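# Examination of the molecular architecture
Here is what each chain is made of, one letter per residue.
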Amino acid sequence: MNTQNTPVHIKLWHREFWMLVVADMLLSMSVYALIPVLPQWFLETEGLTPGQTGVAMGVFGLGLYLLGAQCSWLVQRFRRNVVCMWAVIAFALDLALLWYLDDVQSEAIEYGVILLQRLLLGAAFGLAQMVLSSTLIIDTCESYQRTEANHSAAWFARFALALGPMAGLVAFRHYGFNGLIVVSVGCALAGLVLIKLVRFPFRAPEDNLHVASLDRFLLLDGHVLFVNLLMVSTVMGLIFSLAFEPLFFAMMMGGFLLALLAQRFVFRDAELKSEVVSGLLLLLAALIVMLAYPNDPVSAVLIGLGVGIVGSRFLLFFIKLSRHCKRGTSQSTYFLGWETGVALGLALGYSCFYGNDASFYNQHDALLTVAIILTAIALAMYVFYTHSWFMRHKNR
């Protein structure tokens, strides 16, 4: 496990595994499709201030933690696939509430309803993804295939970073806000159908179940990795708070594909530290290009390449850090670190930079300057502390 690549097992890619990783991607797409459009809807249609919009986008990140402590109890008290499906149903219904909010305006309760909707959306999405990634996907694999399964499933979810916003923007421009909601809800329901089609054998619950626990929720031993990952994903949230064309996300998807090739061929026998360092340097270069040449598509490719390399390696670090019985917990912790950072970046992007017309920096330049500084701090933290800390504490 100190090699740069995970082994490839052809037998892993059976029908059930394909359905679950695609369901994972579709569920993530349903969330990311909202990112480039929903804040503008808050600002222009609902009349929210940039600060209120930032809070509304950020509260989604808080919702991710609402049901995490009950995740282990739920999947053992009830059938694990049923828990995931009900979470997806709740998620889809909560998304549909946006359609109602778009058609029925109520100034007295509108902002409170929006905050509640975003909080519950995060709770449903968090529970569905934690059950799916920490339990369902690895339950379809042999024990020796589980690292590759986690790695591959995370890549499908990572593709949603580009495919989701691209689909959301296209739907919005052709069919309006209701068209966006249809696409988002449709992705969630398509994922639900795929999960429903996979059969899972009955598993007897453990003795002495606790209603609340950190199992399948948070790996406290990974706090250093969590903070370092949070910095990187916050940068992604800041980037997403800028307005982009579908072409930007299409080019970012190209960067993800290049990252896959780089992992397989460029970093195959490279020193372990090189992958994260190279990825963060690529992300730093992308931000500098965006600052100097805002419309240059090269920056989107570099973002996809850098984030793809860094995100994939951090996931494997979380797996190595955990004991065998905590593999699912490491998956949930990685998921929470990533999604929390994206929500935080969006919150900061709209609350602190939207409409900033200061004489020296405009919104674009100020935001990217902060993103560059944060990326540089993440790089320094990894080089001078995180990597050596990980090598001392890893369990595999």
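All of the points below concern the structure found in this document. Just so you know, these numbers come straight off a predicted model, no measurement behind them. (Residues numbered from 1 in each chain as written. Predicted model: local features only at pLDDT ≥ 70, side-chain atom pairs only at ≥ 80, totals over all residues. Heavy atoms only, no water.)

### Some thoughts on the overall build of the protein chain
Summing up its helical and strand segments, the protein chain has 13 helices and 0 strands in all. Traced from its N-terminal end to its C-terminal end, the protein chain shows the element sequence α-α-α-α-α-α-α-α-α-α-α-α-α. Counting only C-alpha atoms and orienting by the principal axes, one finds that the protein chain spans roughly 55 × 45 × 35 Å. When the 396 residues of the protein chain are sorted by exposure, 58% land in the buried category. For the protein chain, the share of sequence-separated contacts (at least 6 apart) that also reach a separation of at least 24 residues comes to 88%. With the model as given, the accessible surface of the protein chain reaches about 16000 Å², and the carbon-plus-sulfur share is 67%. One way to put it: in the protein chain the 24 positive side-chain charges average out to a point 15 Å from where the 24 negative ones average out. (Helix = DSSP H or I, 4+ residues; strand = E, 2+ residues; numbered from the N terminus. Buried < 20%, exposed > 50% of the residue type's maximum accessible area, 1.4 Å probe, protein only. Contact = heavy atoms within 4.5 Å. Areas by Shrake-Rupley, 256 points an atom, 1.4 Å probe, with all protein chains shown as cover. Lys, Arg positive; Asp, Glu negative; His and termini not counted. Charge placed at Lys NZ, Arg CZ, Asp CG, Glu CD.)

### Things to note about empty space enclosed by the protein
Going through the model one piece at a time under the given rule, you end up with 3 cavities of 30 Å³ or more. Considering only enclosed or pocket space, the largest cavity measures out at about 300 Å³ in volume. Taken together, 20 residues make up the lining of the largest cavity; nearest its centre are D24, A154, A157, Y334 and F335. Residue composition of the lining of the largest cavity, by class: 11 nonpolar, 6 polar and 3 charged. (1 Å grid on protein atoms, 1.4 Å probe; cavity = no way out; pocket = protein on both sides within 12 Å on 5 of 7 lines; lining within 4 Å. Points joined across faces, edges and corners; volume = space filled by probe spheres on them. Nonpolar A, V, L, I, M, F, W, Y, C, P; charged D, E, K, R; others polar.)

### Topic: a nonpolar patch on the surface
Taken together, the side chains of L258, L261, F265 and V266 present a nonpolar region at the surface, about 430 Å² in accessible area. With respect to the helices and strands, L261 occurs in helix 9 (residues 246–266). Note on L261: relative accessible area 48%, which makes it partly exposed. (Patch = residues over 30% accessible without salt bridge, like charges linked within 9 Å, V, L, I, M, F, W, Y side chains within 5 Å. Salt bridge = Lys/Arg side-chain N within 4 Å of Asp/Glu carboxyl O.)

### Remarks on the side chain of R158
Following the sequence through the fold, R158 ends up in helix 7 (residues 146–196). The buried charged residue R158 lacks any salt bridge, with E275 as its nearest oppositely charged partner at 8.8 Å. A distance of 3.0 Å separates a polar atom in the side chain of R158 from a polar atom in the side chain of Y334. (Polar contact = N/O pair within 3.5 Å; in protein donor to acceptor, adjacent residues only side chain to side chain.)

### Brief notes about the layout of surface pockets
The volume enclosed by the largest pocket comes to roughly 520 Å³. Every residue lining the largest pocket is counted, 25 residues in all, and those nearest its centre are T135, D139, R203, E206 and R216. Among the elements of the structure, helix 4 (71–77), helix 6 (110–139) and helix 12 (327–353) are those that each provide at least two residues to the lining of the largest pocket. Take the lining of the largest pocket: its biggest share by element is 4 residues, from helix 6. Grouping the amino acids of the lining of the largest pocket by side-chain chemistry returns 8 nonpolar, 6 polar and 11 charged.

### Let's talk about the state of the cysteines
Should the sulfur atoms of two cysteines be covalently bonded, the bond is a disulfide. This model, assessed by the stated rule, comprises 0 disulfides. Of the cysteine sulfurs around C187, a residue in no disulfide, the closest is that of C84, at 15 Å. (Disulfide = S-S within 2.5 Å.)

### Here we look at the nonpolar core
The biggest cluster of nonpolar side chains holds 138 residues, and the ones touching the most others in it are I239, M252 and I303. Sort the elements by how many residues they give to this core and helix 7 lands first, with 19 residues. Residues contacting M252, with those up to four places away along its chain left out, are L161, A162, M236, F240, A300, I303 and G304. (Core = buried A, V, L, I, M, F, W, Y, C linked by side-chain atoms within 4.5 Å.)

### Considering the pattern of salt bridges
Once their charged atoms are close, side chains differing in charge can pair, the charge on each being opposite to the other. By the definition in use, this model includes 5 salt bridges. For the salt bridge of D139 with R80, the shortest nitrogen-to-oxygen distance reads 2.6 Å. Of the two residues, D139 sits in helix 6 while R80 sits in helix 5 (residues 80–103), which places them 59 residues apart along the sequence. Where D215 meets R216, a salt bridge forms, and the shortest distance between an N and an O atom there is 3.3 Å. In terms of burial, D215 and R216 fall into one category: buried.

### Some points on the packing of aromatic side chains
Under the criterion given, the structure shown has 24 aromatic pairs. Arranged with centres 6.2 Å apart and planes meeting at 40 degrees, the rings of W13 and F156 form a pair that is tilted. With W13 in the segment before helix 1 (15–32) and F156 in helix 7, this residue pair connects regions lying 143 residues apart in the sequence. Its relative accessible area of 26% is what places W13 among the partly exposed residues. (Phe/Tyr/Trp six-rings, centres within 6.5 Å; stacked < 30°, edge-to-face > 60°.)

### Some points on unusual backbone geometry
Here the phi dihedral of R216 falls at roughly 60 degrees; this positive angle occurs in a residue that is not glycine. Positionally, R216 belongs in the loop between helix 7 and helix 8 (223–240).

### Brief notes about the side chain of Q331
Checked against the element boundaries, Q331 lands in helix 12. Taking the relative accessible area as the measure of exposure, Q331 reaches 6% and is therefore buried. Apart from residues lying up to four places away in sequence, Q331 is in contact with S133, S134, N150, L315 and I319.

### Looking at the packing of helix 9 against helix 11 (residues 298–321)
The interhelical angle for the contact between helix 9 and helix 11, taken along N-to-C directions, is 45 degrees, at an axis separation of 6 Å. As the angle between them shows, helix 9 and helix 11 are arranged oblique. The chirality of how helix 9 crosses helix 11 is right-handed. Contacts between helix 9 and helix 11 involve F248, M251, M252, G255, F256, L258, A259, A262 and Q263 on the former and, on the latter, S299, A300, V301, I303, G304, L305, V307, G308, I309, S312 and R313. Of the residues assigned to the contact of helix 9 with helix 11, the class counts are 13 nonpolar, 6 polar and 1 charged. (Axes fitted to C-alpha atoms, helices over the stretch in contact; angles between N-to-C directions. Parallel < 35°, antiparallel > 145°, perpendicular 65-115°, else oblique. Left-handed = near helix turned anticlockwise from the far one by under 90°.)

### Overview of the packing of helix 5 against helix 6
Here helix 5 crosses helix 6 at 155 degrees, and the two axes come no closer than 8 Å. Regarding the angle of helix 5 to helix 6, the classification is roughly antiparallel. Here helix 5 and helix 6 pass one another in a crossing that is left-handed.

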